[in-house]
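Observations on chain architecture
Below are the chains, spelled out letter by letter.
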Amino acid sequence: RELACGVVQPVEQPIGDFLQHRGDAVHPRGGAVAVAAEGVAVEDNGAHLRGCDVLLAWCQAQLRGNIGLMPRNWAKSIGLAALDLLLPPQCLTCDQVVDAPGQFCVDCFRNTGFISAPFCGRCGVPLAHANQATRGVCPRCAAHPPAWTRARAALRYDAQSKRLILPFKHADRIDLAGPLAAMMLRAGAELIKDAELIVPVPLHPARLRARRYNQAVLLGRQIQNRTGLRLLPDALVRLQATAPLGELGASERASLLAGKFAPRLGAREQFEGRHVLLVDDVLTSGATATECSLVLLAAGATAVDVLVVARVPDPRLG
């Protein structure tokens, strides 16, 4: 027996592996079916489609003989759809079920401190009001301009963002790299326009062996996948391991990190004349970003911008 369905009309533009169609679930006049929902377009933007939609689309296409409407990698899509039905996607920071992977639930979204204007045009620190900036920069950057040109962050570094960053950084939650990178791209859209290379902040080899991955490289790879920018995952090296910086002030961090980074042998010419996007997870005092920026500029980079997941607010600025 044929399933209840509606008519879909091709809109010519394919999305990923799918042919995009618009559907009307009200008037079943025959034709190929993609989804059983009015006004819904089939698309593949890197996220899972809802399991019921994909399975229903597959069944309807089988019944009508319109297999061409299904994605070329339909087996993978069906498998992911079945997985979504068995293990529904959960909020990024709690166990609440959400519509698709990589989303917040309503409450967690409300509690997440996305950085929006006003913020410092140089270091990206959030401001309580625009009058705290002079010619678009905060008092600290006005007095001591950083080595980089612009820094942007998606989130305030607070209790809520730590629920994302700490598991990603220390608890093997590498699945968070994609959603975090998506937030970074929204915050750093103007930086992406000028960037020519992505360079992650490096870990010392001993730290990398202990952690098994560099979170900055994972973020950089996700940004590369979404923008097509060239990624140099090991272009910078950390020459000496340092103690955790968590409890240190800005001047102590700067002193401890001075001279600790260098370009990898043979990588210098890759920076020559290029606008570099330096990627990391958190921007605190800016000491790490400063040292990496100085190394990149000395190696011939024309400019360095910094893009991170989260920025530690300046308590003096609210």
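Cut-offs used in this document
- Residues numbered from 1 in each chain as written.
- Predicted model: local features only at pLDDT ≥ 70, side-chain atom pairs only at ≥ 80, totals over all residues.
- Heavy atoms only, no water.
- Helix = DSSP H or I, 4+ residues; strand = E, 2+ residues; numbered from the N terminus.
- Contact = heavy atoms within 4.5 Å.
- Areas by Shrake-Rupley, 256 points an atom, 1.4 Å probe, with all protein chains shown as cover.
- Buried < 20%, exposed > 50% of the residue type's maximum accessible area, 1.4 Å probe, protein only.
- Axes fitted to C-alpha atoms, helices over the stretch in contact; angles between N-to-C directions.
- Left-handed = near helix turned anticlockwise from the far one by under 90°.
- Nonpolar A, V, L, I, M, F, W, Y, C, P; charged D, E, K, R; others polar.
- Phe/Tyr/Trp six-rings, centres within 6.5 Å; stacked < 30°, edge-to-face > 60°.
- pLDDT = per-residue confidence, 0-100.
- Pairing = 2+ DSSP bridges.
- Right-handed = clockwise from strand over helix to strand, strands pointing away.
- Expected span 1.5 Å × (residues − 1).
- Polar contact = N/O pair within 3.5 Å; in protein donor to acceptor, adjacent residues only side chain to side chain.
- Core = buried A, V, L, I, M, F, W, Y, C linked by side-chain atoms within 4.5 Å.

Some details on the overall build of the chain
- Broken down by element type, the chain carries 12 helices and nine strands.
- Put simply, of all contacts in the chain between residues at least 6 apart along the chain, 68% involve residues at least 24 apart.
- Of the roughly 16,300 Å² of accessible surface on the chain, a fraction of 53% belongs to carbon and sulfur atoms.

Points about unusual backbone geometry
- Between Ala 117 and Pro 118 the backbone carries a cis peptide bond, its omega angle lying at 5°.
- Of note, the phi angle at Arg 135 is positive, near 55°, even though the residue is not glycine.
- Phi is positive for Arg 212, which is not a glycine, with a value near 80°.
- Within the fold, Arg 212 resides in the loop between α8 (205-211) and α9 (215-227).
- The exposed category is assigned to Arg 212, whose relative accessible area is 57%.

Brief notes about the packing of helix α6 (residues 177-187) against α9
- Interaxial distance between α6 and α9 falls to 9 Å at its minimum, and their mutual angle equals 65°. Regarding α6 and α9, the two cross each other, and that crossing is right-handed. Seen from α6, the contacting residues are Ala 177, Gly 178, Leu 180, Ala 181, Ala 182, Met 184 and Leu 185; seen from α9, they are Leu 218, Leu 219, Gln 222, Ile 223, Arg 226 and Thr 227.
- Residues belonging to the contact of α6 with α9 are distributed by class as follows: nine nonpolar, three polar and one charged.

As for the packing of aromatic side chains
- Counted according to the given criterion, the structure contains three aromatic pairs.
- When the ring of Phe 109 is compared with that of Phe 114, the centres are 5.4 Å apart and the planes differ by 45°; the resulting orientation is tilted.
- Take Phe 114: its relative accessible area is 32%, and that puts it in the partly exposed class.
- Ring pairing ties together the aromatic residues Phe 104, Phe 109 and Phe 114, which thus form one cluster.

Structural notes on the confidence of the model for the chain
- Residues at a pLDDT of 70 or more form 70% of the chain, whose mean pLDDT is 79.
- When the criterion is pLDDT under 50, residues 1-51 qualifies, and its contacts beyond four places in sequence or with other chains add up to 100 contacts.

Focus on the sheet that holds strand β8 (residues 275-283)
- In space, the five strands of this open sheet follow the order β3-β9-β8-β4-β5, with parallel pairing throughout. Each end of this open sheet is capped by a strand with a single partner; those strands are β3 (150-156) and β5 (230-231).
- Here β8 runs beside strand β9 (residues 303-311); their pairing, made up of eight bridges, is parallel. Considered in β9, the bridge of Leu 278 is made with Val 306.
- Packed on one face of the sheet, α6 meets β3, β8 and β9 and runs near 130° to β3.
- Across the sheet, helix α12 (residues 287-298) is in contact with β8 and β9; its angle to β8 comes to roughly 165°.

Structural notes on the pairing of β9
- A large share of β9 lies buried, amounting to nine of its nine residues.
- For the segment spanning β8, α12 and β9, crossover handedness is right-handed.

Focus on α9
- Between its terminal C-alpha atoms α9 stretches 18 Å, which fits the 18 Å expected from 13 residues at 1.5 Å a residue.
- Listing the buried residues of α9 in full gives Gln 215, Ala 216, Val 217, Leu 218, Leu 219, Gly 220 and Ile 223.
- Capping the start of α9 is the job of one residue whose side-chain oxygen sits 2.9 Å from the backbone nitrogen of Ala 216: Asn 214.
- Phi turns positive, to about 80°, at Gly 228, one or two residues after α9.

Description of the environment of Leu 166
- Mapped onto the elements, Leu 166 comes out in helix α5 (residues 159-170).
- The class of Leu 166 is partly exposed, set by a relative accessible area of 35%.
- As for Leu 166 and Asp 281, which are separated by 115 residues in sequence, their C-alpha atoms are 9.8 Å apart.

Let's talk about α6
- Within α6, eight of the 11 residues are buried, which leaves it mostly tucked inside the rest of the structure.
- Residues of α6 that are buried: Ala 177, Gly 178, Pro 179, Leu 180, Ala 181, Met 183, Met 184 and Leu 185.
- Along its buried surface, α6 packs onto β3, α5, α7 (189-194), α9, β8 and β9.

A look at the environment of Arg 238
- Positionally, Arg 238 belongs in strand β6 (residues 236-238).
- Dropping the residues within four chain positions of it, Arg 238 is found in contact with Pro 202, Leu 203, His 204, Pro 205, Leu 257, Lys 260 and Phe 261.

Quick word on the nonpolar core
- In terms of nonpolar packing, the biggest core is built from 35 residues, with Cys 138, Leu 236, Phe 271, Leu 278 and Leu 296 touching the most fellow members.
- Elements with a contribution of two residues or more to this core: β3, β4 (197-200), β8, α12 and β9.
- Per element, the largest residue contribution to this core is five residues, and it comes from α12.
- In this view, Phe 271 contacts Leu 197, Val 199, Leu 232, Ala 235, Leu 236, Pro 263, Leu 296, Ala 299, Gly 300 and Ala 301; residues no more than four positions away in its chain are not counted.
- Listed in part, the 34 residues of the second largest apolar core include Ala 154, Leu 164, Ala 177 and Ala 195.

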